[in-house]
Amino acid sequence: MSRKIFWGELLFDFFIIATIAMYTNTLGHEWGHSLTATVFGVKSHPFNIHYTPFLFGIDEKVNYDQVAELPAWQGIAIAAAGPLVNFIFACLSLVFLLKFRWHSTAGHRTLLFFFYSLAFFGIGGWFNYTIIRGIVPRGDIANIIRFGSIPSWAIWLPGIITSIIFLWLFFGPARVKFCQAFNLISKKAQLVEAIIVALFFLMYQGSVIYNYLFNY
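Residues numbered from 1 in each chain as written. Predicted model: local features only at pLDDT ≥ 70, side-chain atom pairs only at ≥ 80, totals over all residues. Heavy atoms only, no water.

A.B. asks: Which residues make up the overall build of the protein, and what values go with them?
C.D. replies: Along its length, the protein carries seven helices and zero strands. The helix and strand sequence of the protein, counted from the amino end, reads α-α-α-α-α-α-α. Its C-alpha atoms give the protein a radius of gyration of 19 Å, within 12% of the compact-globule value 17 Å for 216 residues. In terms of principal-axis extent, the alpha carbons of the protein reach across some 60 × 35 × 35 Å. Out of the 216 residues in the protein, the part that is buried amounts to 41%. Intrachain contacts of the protein at a sequence separation of at least 6 include 70% that bridge at least 24 residues. Total accessible area computed for the protein in this model is approximately 12,200 Å², and 73% of it derives from carbon and sulfur atoms. (Helix = DSSP H or I, 4+ residues; strand = E, 2+ residues; numbered from the N terminus. Rg over C-alpha atoms; globule rule 2.2 N^0.38 Å. Buried < 20%, exposed > 50% of the residue type's maximum accessible area, 1.4 Å probe, protein only. Contact = heavy atoms within 4.5 Å. Areas by Shrake-Rupley, 256 points an atom, 1.4 Å probe, with all protein chains shown as cover.)

Below you can see the structure in the form of structure tokens.
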């Protein structure tokens, strides 16, 4: 097998794993809303959500007019369930990344890359919901504020603090473990990896800002 084919197959495998992690994060977010709404009697089935091709425009299919008739704490729980799933995925992924010993084997690298990707999307989701969408509240954040009658800074400030901690862990200790497992020993290789991941993170947030400003 040529080196070119090897790297092509490796990148394809990474793309598949990252896509699975993204789907896990996105579906978990929407199922979180839907499950909580089902618990409080607004829906009859937690997996009955609005699915779309490639998850573009996916929606939890929760009637928030009905949610508004529930006690305030239940409305907050339903609205907050989605971002909370992102928070939980970010926490659990970082725990797995930091606490386990990762070896340079195919199985370990595959699992490591999945948790690394899940942490990326979990942190990214938590970041854009609590910070970007908290500037001028819309969607889930607007519903939390509406049902809880709380100021937007009560979400924004904790979101900034927790996001800073997440990003420090992700680009610091977790990235070191990632580089060690993938034998990225040189400082140049580690710098390139950090730049690539940071650029993808900025692109992710940029797409959220674009949708925030122009699509919804």
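A.B. asks: So what about the pattern of salt bridges? Which residues, and what values?
C.D. replies: Applying the stated criterion across every chain, the model contains one salt bridge. Measuring nitrogen to oxygen at the nearest pair gives 3.9 Å for the salt bridge that ties Glu193 to Arg175. Of this pair, Glu193 sits in helix H7 (residues 187-214) while Arg175 sits in helix H6 (residues 153-181), and the two are 18 residues apart along the sequence. There is no split in this pair, since Glu193 and Arg175 are both buried. (Salt bridge = Lys/Arg side-chain N within 4 Å of Asp/Glu carboxyl O.)

A.B. asks: Pulling in residues and values, what's your account of the nonpolar core?
C.D. replies: Formed by 34 residues in total, the largest nonpolar core has its most connected members in Leu94, Leu97, Ile123 and Phe170. Of all the secondary-structure elements, those providing two or more residues to this core are helix H1 (3-39), helix H3 (72-99), helix H4 (106-135), H6 and H7. A total of 13 residues in this core trace back to one element, the largest contributor, which is H4. Apart from residues no more than four positions distant in its own chain, Leu97 is found in contact with Trp102, Leu112, Phe115, Tyr116, Ala119, Ala174 and Lys177. (Core = buried A, V, L, I, M, F, W, Y, C linked by side-chain atoms within 4.5 Å.)

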